[in-house]
Amino acid sequence: MKSTIFALLTSLTFTITAQVPDWTQYTCDANGYSMYTELSKGKAVLLSFSNQWSPASAETAGKTEDLWQNMMSENVKVFGFLNEDQDFNTADCDDADVWATVNGITYPTFINIENVLENYINKYTTNGAVNLPWLLLF
């Protein structure tokens, strides 16, 4: 069953790749990732947009980490996008380190995500607004 679902997700991913906004982001330890590169590998990609100040984002981060740990061998890639820190300022690398430590996150997490977030909001919302946490699966 698990492999059937994965095959379906992979097929859907290939058909919508051209419609998915691309991005290239670097983690604070300078590892680079690209949406189209991950999709071209046949991976399902889960994007998790969060704010450090949000209890709902913290709860989602833990659940997303569980998914990552259980599915990473199934060709599922998870990426975290940390938007704001505890004081509603743009998140920086120190914030990302605290976020990862407090929530036990091991999947790649990015800061300076305004352009990526805006591209996905423009593509996948009708009113140009979204509440975080926000999960998108491709």
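Data block above holds the structure.
Scoring rules and cut-offs
Numbers given for residues are sequential positions, taken from 1 along each chain in its written order. Per-residue local features are limited, in this predicted model, to residues with pLDDT of at least 70; the limit for side-chain atom pairs, both in listing and counting, is 80 or more; totals at the level of whole chains, interfaces and linings are taken over all residues. To obtain the side-chain values, all non-hydrogen atoms of the structure were included, while hydrogens and water were left out. Numbered from the N terminus, helices here are DSSP runs of H or I no shorter than four residues, and strands are runs of E no shorter than two. For this analysis, residues touch if any pair of their heavy atoms sits within 4.5 Å. Burial classes: relative accessible area under 20% of the type maximum marks a residue as buried, over 50% as exposed, and values in between as partly exposed (1.4 Å probe, protein chains only). Asp and Glu are treated as the negative residues and Lys and Arg as the positive ones, with His and the ends of the chain left uncounted. Salt bridges are defined as contacts in which a side-chain nitrogen from Lys or Arg sits within 4 Å of a carboxyl oxygen from Asp or Glu. The rule for pairing is simple: two strands pair if DSSP sees at least two bridges between them. A clockwise course of the path from the first strand over the helix to the second, judged with the strands pointing away from the viewer, identifies a crossover as right-handed.

Q: Let's hear about the overall build of the protein chain: which residues, and what values?
A: Within the protein chain one finds five helices and six strands. The order of helices and strands in the protein chain, counted from the N terminus, is α-β-β-α-β-α-β-α-β-α-β. Long-range contacts, defined as pairs at least 24 residues apart, comprise 72% of the intrachain contacts of the protein chain with a sequence gap of at least 6.

Q: Mind laying out the environment of Ile113, listing which residues take part and the relevant values?
A: With respect to the helices and strands, Ile113 occurs in the loop between β5 (109-110) and α5 (114-124). Its relative accessible area of 1% is what places Ile113 among the buried residues. Taking C-alpha positions, Ile113 is 9.6 Å from Glu84, a pair spaced 29 residues apart along the chain. Apart from the residues lying within four places of it in its own chain, the contact partners of Ile113 are Gln25, Phe49, Phe81, Leu82 and Asn83.

Q: Tell me about unusual backbone geometry, and please be specific about residues and values.
A: In this chain, Leu132 is followed by Pro133 through a cis amide linkage whose omega measures 15 degrees. By the element assignment, Pro133 lies in the loop between α5 and β6 (134-137). Located in the positive-phi region is Ala30, a residue other than glycine, with phi close to 70 degrees. Take Ala30: it is sitting in the loop between β1 (24-26) and β2 (32-34). Overall, Ala30 belongs to the exposed group, its relative accessible area being 56%.

Q: Let's hear about the side chain of Glu65: which residues, and what values?
A: Residue placement: Glu65 occurs in helix α3 (residues 55-71). Salt bridges are absent for the buried Glu65, whose nearest opposite-charge side chain, Lys77, sits at 11 Å. With near-sequence residues (within four places) excluded, Glu65 lies in contact with Gly104, Ile105, Thr106 and Tyr107.

Q: So what's going on with the pattern of salt bridges? Which residues, and what values?
A: Two side chains that carry opposite charge are able to pair once their charged atoms sit near each other. Following the criterion strictly, the structure yields three salt bridges and no others. Taking the shortest distance from any N to any O, the salt bridge between Glu38 and Lys41 comes out at 3.6 Å. Classification of Lys41 by relative accessible area gives partly exposed; the value is 47%. Here Lys63 and Glu59 are joined by a salt bridge, their closest N and O atoms 3.1 Å apart. Within this pair, Lys63 and its partner Glu59 are both found in helix α3, separated by four residues, close to a single helical turn. Judged by relative accessible area, Lys63 falls into the exposed class, the value being 54%. If you follow the salt bridges from partner to partner, you end up with Glu38, Lys41 and Lys43 in one network.

Q: Any details on the pairing of strand β4 (residues 76-82)? Residues and values, ideally.
A: Judged by how many residues are buried, β4 sits mostly within the fold: seven of seven residues are covered. Note: strand β3 (residues 44-50) against β4, seven bridges, orientation parallel. What sits directly across from Leu46, in β4, is Val78. One crossover worth recording links β3 to the parallel β4 by way of α3, and it is right-handed.

Q: Describe the environment of Val76, listing the residues and the values that go with them.
A: Residue position: Val76 is located in strand β4. Classification of Val76 as buried rests on a relative accessible area of 9%. Considered as a pair, Val76 and Lys43 are 33 residues apart in the sequence and their alpha carbons are 5.4 Å apart.

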